[in-house]
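Descriptive structure summary
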Amino acid sequence: MSHSETTASADPSSARLSVRRGILNLLSLLAIVIVGLSLSSSWFQPPPQTQLDLLQTDLALQASRTLDDPRYQDLAQALLGQDVFKVAQNRYQQTADNYTERLKRLKRLARLTPAGESEAASPELAQSPEVDPALLASMQDLQTELDALWLRLGLLYAYQEDLEAARQQWQQIIDLERPVELESSQKGAARVLQGLWGTPRRILPEAEVQIRNHLDGWFEAVALQQLYRLQQRSDSLNALNQQQEKLALAALFRLAVVGGIPVLGALLGLMLLLGWLGWSLWRKRPLLGPAWEVPWPGIGAQAVLTGWFLGFIALNALVPRLYIIILGLGARQLSPWQQAVALFLTYNSGALLGAGLLYRLLHAYPGWQRVLQVRLWGPWLLWGLCGYWVALPLVVLAAALSQLLLPQAGGGNPILPLLLDSHGWGARLVFLAVVSVCAPVFEEVLFRGFWLPTLSRYLPMGAAIGLSAFTFALAHLNLSDLLPLTMLGVVLGVVYSHSRNLLAPILLHSLWNTGSLVTLLVLGGAR
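Treat the numbers as computed from the prediction; the structure is a model and nothing was measured. (Residues numbered from 1 in each chain as written. Predicted model: local features only at pLDDT ≥ 70, side-chain atom pairs only at ≥ 80, totals over all residues. Heavy atoms only, no water.)

1. Observations regarding the nonpolar core
In terms of nonpolar packing, the biggest core is built from 65 residues, with Trp296, Tyr347, Leu446, Phe450 and Leu488 touching the most fellow members. Of all elements in the fold, only α1 (3–42), α11 (298–327), α12 (336–362), α13 (380–405), α15 (425–456), α16 (461–474), α17 (482–499) and α18 (503–523) reach the threshold of two or more residues within this core. Take this core: its biggest share by element is 14 residues, from α15. Leu149, Ala190, Leu215 and Leu255 belong to the second-largest nonpolar core, a separate cluster that totals 60 residues. (Core = buried A, V, L, I, M, F, W, Y, C linked by side-chain atoms within 4.5 Å. Buried < 20%, exposed > 50% of the residue type's maximum accessible area, 1.4 Å probe, protein only. Helix = DSSP H or I, 4+ residues; strand = E, 2+ residues; numbered from the N terminus.)

2. Let's talk about the pattern of salt bridges
Within this structure, the stated rule accounts for 8 salt bridges. For Glu183, the salt bridge goes to Lys187, with nearest N and O atoms at 2.8 Å. For Lys187, a relative accessible area of 14% translates into the label buried. One salt-bridge network, in which partners are shared between bridges, spans Glu208, Arg212, Glu220 and Arg233. (Salt bridge = Lys/Arg side-chain N within 4 Å of Asp/Glu carboxyl O.)

3. A word on unusual backbone geometry
The linkage connecting Thr199 with the following residue, Pro200, adopts the cis geometry, with an omega of 0°. Mapped onto the elements of the fold, Pro200 is located in the loop between α7 (187–196) and α8 (207–214). Positive phi, normally seen in glycine, also occurs at Lys284, with a value near 55°. Within the secondary structure, Lys284 is located in the loop between α10 (234–282) and α11. Classification of Lys284 as exposed rests on a relative accessible area of 76%. Of note in the backbone geometry, Arg500 takes a positive phi value of approximately 55° without being a glycine. Tracing the backbone through its elements, the reader meets Arg500 in the loop between α17 and α18. For Arg500, a relative accessible area of 17% puts it in the buried group.

In short, the description is geometric, and any link to function would need to be established separately.
Structure follows, in structure tokens:
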């Protein structure tokens, strides 16, 4: 056979390979575009740290009664400081200002008006063909959260006897010029509060129902106290005060747990980190483990990651809708338990897809088990536990840097509001299964067991760990967690590079997620 004939016979196979690579590159580009759009859209969402700060603020307000109790006064002053209400007022005001600015940005996008033009909203906002329904829904959700902030901020002003500032906050909820689409369900509660602290005082019909429906924790107690005083219901007022004294003590101990344990853990982690670095330098041990001998090609890894990400995005849209159709309910009618099951099904369908793609690639390359190793023996338990403590101060520093560099960055874990709204342990156990078992196992297999070794084949070990950690953070699709999750991914990568056992990063990841979930449950006790 001549050279020209040989080339011609090879051309069809080469052409097919080129077409496949071209399609894969286009799909990878599509995945990158989706990541970029998701990150940009998260800019308009409230950052999760803001919600956690407000939860901790609510807990501090609930515990403020203990400042007058000689038995707990020292602990309360150490945890709360002297000016709890002024601190809470400033934090709520800053958050409300932040949300107001985000809402203005969304309104400008909805009406496609330049930033310098009037912010007055059109009463026919939803009827405009230029308004994206998803954008309108985001505006409605943000307006609802902003109204809740104004409702509470007004109570903080009223409690400190700044009644004019309180009325101004509540009047923003009652604003008659607001578009119909952004009308608030909290307007009735705002009118009730205006009446209770107005001149003259007025008690509107169903005042107690409105307070209980739209307020919680310390804010609900303050509003009910004012109502009971005006109604001269001394028995109800006494019962409420007794209940608040018990809740105040419980809140104080919750704050001690939330504030004390992480600080001690961060100090322990810092000592472990410095000790390990000193020992490694003294013994001249490498800070990173060696690269892996990976049998599969880089293009195979690209195909797995691209296929998993695009499939996960599709399943994330499809599975909840199918679940809702099967139940015969609307999205807003799902109970916390049903929402937890929907999350479980959605996440694990994506994980099964990823596992299938991994198996299809890896089973063709003998020796892959030497890379994705799982061994019950060895020091993996020590690596996982120590890695968790070391991650605490590093991720806290990364989060602080993120707030400094990206103060307006938003987004966050979608489980957070679902978890806070759940009250039964059934739903919480399902969330725990997803967060503490399913996510650590699948994500560590994919990002540390598969992607990190693949990168180490082409990059120095430090760069491979950094890039795999950044990819891991990007997969969570929100700006506010980008730096903290990258730092967490770096610690996970270092742990896996030394332990050579997937159980070590899985344990670390599970401990991290479980700690975050427990913190949320403790903070949520204020409500």
